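Summary of the model geometry
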Amino acid sequence: MKKFLSILFCAVLLTTCFTKGFSLSAANTSAVSQQSAIPDHVNLKGENAIKDFYTKDGETLIPAIAAIYPMDCPSAENVDYILLYHYPNGTNYKGNASGQVFLIEDSQTIEQICQTLSKTNAECTTSRPDITGYDISDYKTEFSLELHSNKSTQIWNSLVGVENYLLRVQDKKIGNYTDLPFTSSKISSVISILEKLSNQSNHDLFSVLDEEPCIYRVDKTAHVYTTTDDLSKEQRDNIYKEYQTWSYTPISLKDAGELTQPNQYLALSSGKGRIVMNQAQNGIVLTLEGNSINSIQESIQSGRNSFLNSTEKALSTLPQHPSWLYKLVDSAPMQVVYYKPTGIKNPATVSDTSRTRFIKPLLHDIVVKSGSFQRVKKDYTLSDALTFSILSTSDYTISMTDTQLLIHNDSVSYGALYQLENGKQTKAAFEKALNPLDEKQYADAYTQMILQLIKDDGFYFEDRTEMTIDLQNFPENSSFRDNVCKQIQQNLAKKGYSFTVYAGDFDQLIERGVWDEDVGGYQNGVLVEIDDKWNSNTSVSYIIGATAGNLAAVYYPENQAVFQNGSWQITPSEVVAMA
């Protein structure tokens, strides 16, 4: 399970990590001679983008709004890991670039980077709230810093030869002119740290992966993929043994030659970036890609180890899944939108975006019949189908019946139609996941979790009049989350507990002015944090914890709740951590 985001769990969960780096280029890494343009004004392309954005029916109305954005770098305890990209020859992202990438996981380096960013006190001034007129492709990037946390990713780029600007990259697509230029005389201190990190010894490219990455075999012609997730444990172990002893030699991209099978490739991932392996005339071209704008290449020649042949053979006979979905199954950020019937004739549907965490685990369960892919027109539809959308780096519309699956991708000019394996069961699972529990049902489950925590550790709740609940998998600032917490307050009152219950997290305690380190933390309240993973509408595993002050913290990492005989039954954790 993912780690908690507040200082309670950071204090308990901090472990010794390390920084990995790897070279993505055997090419020249000498200093860049050509300085980037400076983002101190909107250029002509930016002005045209702003004008186009605010032009409707031939009339242009550009709002005269000035806004100052302060640097809002996340605190170090909220950052899970950092990817630092270094482009020694610069890049404008109009094609793959050579460079280096460093995976940073140790808490001290993460804290140093976050603090240095924050201490620049950099600001961005823009008169356009929706479109800024700046795009990273108009400049030459030297370093790109990706701060990855559970809920978001921030990307800060430094420019070649420019020491007083950082561009915050807002979009994976170039040319949208939504990026933000931040300026400060102290930005050179950030660049200095990045230079030191990039000068450390280079490690192997595959250091971005765990020792046992998930491996996908993608066939873009057949529009399917297979994956090691469908192998037995013994089969996976055999492949990973060969992977860990696999040898190869770096070569230049020029020496690798042209790709021989551009529509068939292996992709390896551990959730921090995918390495796509394409066979070329004289070697293998590797592309490190993620869910951001950064993507760089190198090439290798494989040794005599049988890893590649064994993997290809093992994956070639497995159940097939739609290839457009493999990045979503892997790690791409996504939001599910379901338009469900309301019972009212007009309008006939309402949007529900709370289903994402239930749908994502089911995507891998979609299995299609071999050779069943058909290319259909963009406006093709299925009658009486279950339909929902997924918003990600591309947007998808997925429809399924008991026998067929239809996927539309907004970046592709056609639809993908398949015949489903076990279609009836698959559709039923998605129907169940798309029809959520109501507010009361969620509140009843969370109430029982909290009552169990009070039973096990009543000390944290004694003499407290407030309770703030951080439901970590609910959208922030949502009315649904607020209503669930109101219902929890009513449920607790029926059990004799008179807490005023708020929805929020540690940062919101500070914003509300109710957390004061000088006087012991959350004086009149208790912060309860719940990190839950729903297996179904009647079963959930979760982490739960409470803090009542600076040093008073407890959490239980392995708990289960199951709905049986009309109520939620809790199996509490046998492991306890305190701080």
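Up top you'll find the structure we're talking about.
The notes below deal with the structure included here.

What counts, and where the lines are drawn
Residues numbered from 1 in each chain as written. Predicted model: local features only at pLDDT ≥ 70, side-chain atom pairs only at ≥ 80, totals over all residues. Heavy atoms only, no water. Helix = DSSP H or I, 4+ residues; strand = E, 2+ residues; numbered from the N terminus. Buried < 20%, exposed > 50% of the residue type's maximum accessible area, 1.4 Å probe, protein only. Contact = heavy atoms within 4.5 Å. Areas by Shrake-Rupley, 256 points an atom, 1.4 Å probe, with all protein chains shown as cover. Axes fitted to C-alpha atoms, helices over the stretch in contact; angles between N-to-C directions. Parallel < 35°, antiparallel > 145°, perpendicular 65-115°, else oblique. Left-handed = near helix turned anticlockwise from the far one by under 90°. Salt bridge = Lys/Arg side-chain N within 4 Å of Asp/Glu carboxyl O. Pairing = 2+ DSSP bridges. Phe/Tyr/Trp six-rings, centres within 6.5 Å; stacked < 30°, edge-to-face > 60°. Lys NZ or Arg CZ within 6 Å of the ring centre and 35° of its normal.

A closer look at the overall build of the protein
Of the regular secondary structure elements, the protein holds 13 helices and 35 strands. Buried positions account for 50% of the 579 residues belonging to the protein. For the protein, the share of sequence-separated contacts (at least 6 apart) that also reach a separation of at least 24 residues comes to 69%. A total of about 27,400 Å² of accessible surface is found on the protein, and carbon and sulfur atoms cover 46% of it.

Looking at the packing of helix H3 (residues 107–119) against helix H4 (residues 187–198)
At a closest axis distance of 9 Å, the pairing of H3 and H4 adopts a crossing angle of 155°. As far as their axial angle goes, H4 and H3 are roughly antiparallel. Of the two possible hands of crossing, H3 and H4 adopt the one that is left-handed. The residues of H4 that touch H3, namely those facing Thr109, Gln112, Ile113, Thr116 and Leu117, are Ser189, Val190, Ile193 and Leu197.

Remarks on the pattern of salt bridges
This model, assessed by the stated rule, comprises 12 salt bridges. A salt bridge links Glu289 to Arg274, with the nearest nitrogen and oxygen atoms 3.3 Å apart. Taken together, the positions of Glu289 in strand S17 (residues 284–289) and Arg274 in strand S16 (residues 274–279) put the pair 15 residues apart, joining distant regions of the chain. Each member of the pair, Glu289 as well as Arg274, is classed as buried. Of the charged contacts in the structure, one is a salt bridge between Glu466 and Arg512, with a shortest N-O distance of 3.0 Å. Taken together, the residues span a long stretch of sequence, with Glu466 in strand S27 (residues 466–471) and Arg512 in helix H13 (residues 506–512) at a distance of 46 residues. A relative accessible area of 36% means that Arg512 is categorised as partly exposed. It is possible to trace a salt-bridge network through shared partners that takes in Arg274, Glu289, Lys327 and Asp330.

Things to note about the sheet that holds S16
Taken together, 8 strands build an open sheet; the order of strands is S14-S18-S17-S16-S15-S12-S13-S19 and the sheet is antiparallel. Bordering the open sheet on either side are strand S14 (248–251) and strand S19 (321–322), each of which pairs with just one other strand. Sheet topology places S17 next to strand S18 (residues 295–302); 6 bridges connect them, and they run antiparallel. Bridging from a neighbouring strand, Val285 pairs with Ser299 of S18. Most of the contacts of helix H7 (residues 307–315) go to strand S12 (residues 214–219), to which it runs at about 70°, and overall it touches S12, strand S13 (224–227), strand S15 (264–269), S16, S17 and S18.

Quick word on the environment of Ala443
Secondary-structure assignment places Ala443 in helix H11 (residues 439–456). Taking relative accessible area as the criterion, Ala443 reaches 0% and is therefore assigned buried. Spatially, the C-alpha atoms of Ala443 and Asn483 are 8.8 Å apart, while their sequence positions differ by 40 residues. Those residues in contact with Ala443 that lie beyond four places of it in its chain are Val484, Gln487, Ile488 and Asn491.

A few points about the packing of H11 against helix H12 (residues 479–494)
Packing of H11 against H12 brings their axes to within 8 Å, and their N-to-C directions diverge by 55°. It follows that H11 is oblique to H12 by the angle criterion. When you trace H11 past H12, the crossing you get is right-handed. Every residue of H12 that contacts H11 at Glu439, Lys440, Tyr442, Ala443, Asp444, Tyr446, Thr447, Ile450 and Leu451 is listed here: Phe480, Asn483, Val484, Gln487, Ile488, Asn491 and Leu492.

Quick notes on the packing of aromatic side chains
What characterises a pair of aromatic rings is the spacing of the ring centres plus the angle enclosed by the ring planes. The tally for this structure, following the rule as stated, stands at 26 aromatic pairs. Consider the rings of Phe206 and Trp246, whose centres lie 5.6 Å apart with planes at 70°: the pair is edge-to-face. In this pair, Phe206 sits in the loop between H4 and S12 while Trp246 sits in the loop between helix H5 (233–244) and S14, placing the two residues 40 residues apart along the sequence. Note on Phe206: relative accessible area 7%, which makes it buried. Residues Tyr243 and Phe307 carry aromatic rings whose centres are separated by 5.4 Å and whose planes lie at 55° to one another, so their mutual orientation is tilted. Taken together, the positions of Tyr243 in helix H5 and Phe307 in helix H7 put the pair 64 residues apart, joining distant regions of the chain. Each member of the pair, Tyr243 as well as Phe307, carries the same accessibility label: buried. Site record: aromatic cluster; members linked through ring pairs are Phe358, Tyr442, Tyr446, Trp534, Phe563 and Trp568. Its guanidinium or amino end placed over the ring of Tyr81, Lys272 lies 5.2 Å from that ring's centre, counting from NZ or CZ. A cation over a ring is seen here: Arg375 above Tyr414, with NZ or CZ 3.9 Å from the ring centre.

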